[in-house]
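Residue strings, one per chain:
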Amino acid sequence: MEELQTYRAEFETITQNYVYLNHAAVSPLPKRTVQGMQQFLEQRRDHGGVWEDTWWQTLEETRNLIAQLLHAKPEEIALTKSTSDGLLILSTGWPWRAGDQILLIRDEFPALYYPWVPLRDQGVEIRWVEPRDGPLLAQIEKALTPRTRWVVVSWVDYLTGRRLNLGALTEIVHRIGAYVAVDGIQGLGALPLDVQKSRIDLLVAGGPKWLFGPMATGFLYLRQEILENIKVRLMGWLSVEDFMAFDTTNHRLRPGAQRFEYATYHFLGITGL
Ligand SMILES: Cc1ncc(COP(=O)(O)O)c(C=O)c1O
């Protein structure tokens with residue numbers, strides 16, 4: 001009860017004015033998040049970039065906290081600016097071949113669909129599972145073919161709240177050598193997730209729902225074993241090792257998923273996240 005009061009105090013004003021049940025769209029910001037972001041803004045106003053070192057520390061702390069939340073390794077986490085960013089890293093970077101198939105569930109949030117549309121030009125086919133046709137996992141299993149490369153699903157559906165058993169899903173999908181990408185934005189923060197136990201290959205999420213974070217914050221989890229399969233298509237000055245050397249002859253990529261963080265960070269948002 002005491003714990004509940006502590007959390008409730010973070011939302012003092014909004015709980016007086018609303019019965020707020022719309023986290024699946026946009027959550028309120030806790031007091032401590034607003035304070036942290038305010039401090040960041042005031043520091044920047046009064047000191048410019050003098051304290052930049054502390055921003056980089058916050059960045060790595062945030063990465064570590066996300067890794068802890070997911071039971072992943074920090075080097076498996078890339079910070080992004082949205083859920084879609086993570087899916088776009090996969091859609092642009094995977095070595096697709098004509099005839100490859102991507103399996104999606106009908107009527108999920110459109111962010112799960114559009115990243116694959118341009119791949120049609122390369123002969124990649126989008127296939128649909130119809131949830132109304134029966135139990136979802138059985139429908140997915142039936143729809144898999146030797147050409148399925150990725151199955152892309154929401155952990156929790158934005159519309160119905162349907163929650164997928166990710167461990168059971170990966171078992172089915174891995175059996176045929178395909179991979180599982182999960183949009184976790186409607187679950188993370190409200191429900192526990194262990195990417196090792198569930199054996200998912202990739203997870204994307206954003207801050208502003210159940211994680212109580214700012215807009216334009218997000219992250220990508222990429223299982224270490226598949227990191228090298230995904231090419232860096234958005235290469236920027238932060239994609240390479242020793243980027244602070246400002247050396248254009250260095251093409252060595254940063255060792256982990258950080259290689260996908262290609263340019264100046266949204267430090268304000270990351271502070272809030
Ligand atoms: C399931 C799901 N995925 C993604 C998003 C948002 O995507 P993005 O962070 O890319 O704007 C939402 C909601 O806005 C959502 O409900």
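To be clear, the structure that these remarks concern was listed above.
Read on for an overview of the structure. Keep in mind that this is a model prediction, so the values were computed, not measured.

## Concerning the site of the ligand
Part 1 of the reasoning: Around the ligand lies a shell formed by Ser82, Thr83, Ser84, Phe109, Ala111, Ser154, Tyr158, Asp183, Ile185, Gln186, Gly206 and Gly218.
Part 2 of the reasoning: Each residue belonging to the shell around the ligand can be placed in one class, and the counts come to four nonpolar, seven polar and one charged.

## Looking at the sheet that holds strand β6 (residues 202–206)
Part 1 of the reasoning: The strand order β1-β7-β6-β5-β4-β2-β3 describes an open sheet built from seven strands, whose pairing is mixed. At either end of the open sheet lies a strand with only one pairing partner, and these are β1 (77–80) and β3 (125–129). Across the sheet, the axes of successive neighbouring strands diverge by a mean angle of 20°, strand direction being ignored.
Part 2 of the reasoning: Note: strand β2 (residues 101–105) against strand β4 (residues 148–154), four bridges, orientation parallel. Looking at the pairing, glutamine 101 lines up with threonine 148 of β4.
Part 3 of the reasoning: Contacting β1, β6 and β7 (218–222), helix α4 (residues 52–70) crosses the sheet at an angle of about 120° to β1.
Part 4 of the reasoning: Sitting on the sheet, helix α7 (residues 166–175) is in contact with β4 and β5 (179–183), with an inclination near 150° to β5.

Rules of the game
Residues numbered from 1 in each chain as written. Predicted model: local features only at pLDDT ≥ 70, side-chain atom pairs only at ≥ 80, totals over all residues. Near = placed C-beta within 6 Å. Nonpolar A, V, L, I, M, F, W, Y, C, P; charged D, E, K, R; others polar. Pairing = 2+ DSSP bridges. Helix = DSSP H or I, 4+ residues; strand = E, 2+ residues; numbered from the N terminus. Axes fitted to C-alpha atoms, helices over the stretch in contact; angles between N-to-C directions. Contact = placed C-beta atoms within 7 Å.

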